[in-house]
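Below are the chains, spelled out letter by letter.
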Amino acid sequence: MFNLDLEKLFPRNSTLIVALSGGPDSVFLLHILCAFRDTYPLTLIVAHLDHGWRLESPQDVLFCKNMAEKYSCEFVTAHARDIVLTKRYKEASEQLGRALRRTFLENVADTYENSFIVLGHHQNDQQETFFIRLVRGASLSGLTGIKAQNARYVRPLLSLSKTDITNYLAENTISYLIDHTNTSAVYLRNRIRTTVIPALEQVDSRFAHNFQATLTNLQEIETFLVALAQKSFSEMHVIENNSIIVDLAKLLALDFVLFKYVLVHWLCVEKVSFTPTTAFFKEIQRFFSHTTNSTKHSVHTSWSFFKKQQKITVIKQ
């Protein structure tokens, strides 16, 4: 049995919403969690979203339902046409698929107390995600990869490779579904999986090991910068009448890299919506630096920055 340190990911007696597509990764995830269920008490809810994009999707639903019953787990399913999104996406795109799945899983999790959403991402997903983000010009935060725990999302399999998973399923004659769209060159992830990563492995057989070492280094730098930003923020703000008041001079004195990290930390504390792009950070820095009488800058329909006498606050509508 694989050694997964579940105690670092969620407490005993948690309710886990297991995202089951029927593919090898999610089938392995469900099997392993069920194996731990007796020694580490958990309640498992199997959740499957039918996107309706493939002719085989009704059979996929039935396969997942039967698997949930086999493992004595509650089964929850929905069709994508019944999921309401707040943003529009290109039809049948990767972004749409992720948004639908995320919304569905969070809707399911909202119905259970002490719940976590558990996904079957593994080492190879980590590599693919890194290169997708690299191609799209990600920041350091983006290049640190998929987190084992991010709020209510948990990924216990990041230490395992795809080969580990498929070998285990074969050795234990555990069946799973094959999604042929996973080899379609239409999707960027598939092109990276079938072209970029095999080429890197051919260039140097140590690629997987060295990739993980590099990722660990990036994560350590990111952890340091996040801690430094939190410390810097604590030294430049006060709380008055339940509002955070930031010293503008101290904020503008920061290097732009640290300025961005402090701003992200501040806005996360405020729990407001924002998209952390370079353009966004430069727009905010310009407003903060401007010496005219402009006192308000609307960033989002739900909130604005308010500047007065070298003090900055966030005003929520």
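Data block above holds the structure.
Residues numbered from 1 in each chain as written. Predicted model: local features only at pLDDT ≥ 70, side-chain atom pairs only at ≥ 80, totals over all residues. Heavy atoms only, no water.

Would you take a moment to explain the pairing of strand β10 (residues 303-308) for this structure?
Remember that side chains alternate between the two faces of the sheet whenever the strand is regular. The pairing of strand β9 (residues 296-300) with β10 spans 4 bridges and is classified as antiparallel. What sits directly across from Ser-298, in β10, is Ser-304. Where β9 folds back on β10, the antiparallel hairpin that results is connected by 2 residues. Examined bridge by bridge, β10 and strand β11 (residues 311-316) share 6 bridges and lie antiparallel to one another. From the neighbouring strand, Trp-303 faces β11, where its bridge partner is Lys-316. Linkage of β10 to β11, two consecutive antiparallel strands, is achieved through a turn of 2 residues, within which Gln-309 is found at a positive phi near 50 degrees. (Pairing = 2+ DSSP bridges. Helix = DSSP H or I, 4+ residues; strand = E, 2+ residues; numbered from the N terminus.)

Explain the layout of surface pockets to me, please; I cannot follow it from the model alone.
Any space left empty among the atoms is revealed by the rolling of a water-sized probe across them. Considering only enclosed or pocket space, the second largest pocket measures out at about 200 Å³ in volume. Lining the second largest pocket, in full, are Gln-123, Gln-126, Ile-146, Lys-147, Ala-148, Gln-149, Leu-158, Ser-159, Gln-212 and Gln-219. Among the elements of the structure, α4 (123-135) and α8 (207-234) are those that each provide at least two residues to the lining of the second largest pocket. Class assignment of the residues belonging to the lining of the second largest pocket gives a composition of 3 nonpolar, 6 polar and 1 charged. (1 Å grid on protein atoms, 1.4 Å probe; cavity = no way out; pocket = protein on both sides within 12 Å on 5 of 7 lines; lining within 4 Å. Points joined across faces, edges and corners; volume = space filled by probe spheres on them. Nonpolar A, V, L, I, M, F, W, Y, C, P; charged D, E, K, R; others polar.)

Is there a simple way to think about the packing of helix α1 (residues 24-36) against helix α6 (residues 162-171) in this case?
How two helices sit against one another is set out by the angle between their axes and by the gap between those axes. Running from N to C, α1 and α6 cross one another at 70 degrees; their axes reach a closest spacing of 10 Å. Of the possible angle classes, the one that applies to α1 and α6 is roughly perpendicular. As α1 runs across α6, the sense of the crossing is left-handed. Packed against α1, whose contacting residues are Pro-24, Asp-25, Val-27, Phe-28, His-31 and Ile-32, the element α6 presents Lys-162, Ile-165, Tyr-168 and Leu-169 at the interface. When grouped by side-chain class, the residues that make up the contact of α1 with α6 number 7 nonpolar, 1 polar and 2 charged. (Axes fitted to C-alpha atoms, helices over the stretch in contact; angles between N-to-C directions. Parallel < 35°, antiparallel > 145°, perpendicular 65-115°, else oblique. Left-handed = near helix turned anticlockwise from the far one by under 90°. Contact = heavy atoms within 4.5 Å.)

Remember that the coordinates give geometry; whether it matters functionally is a separate question.
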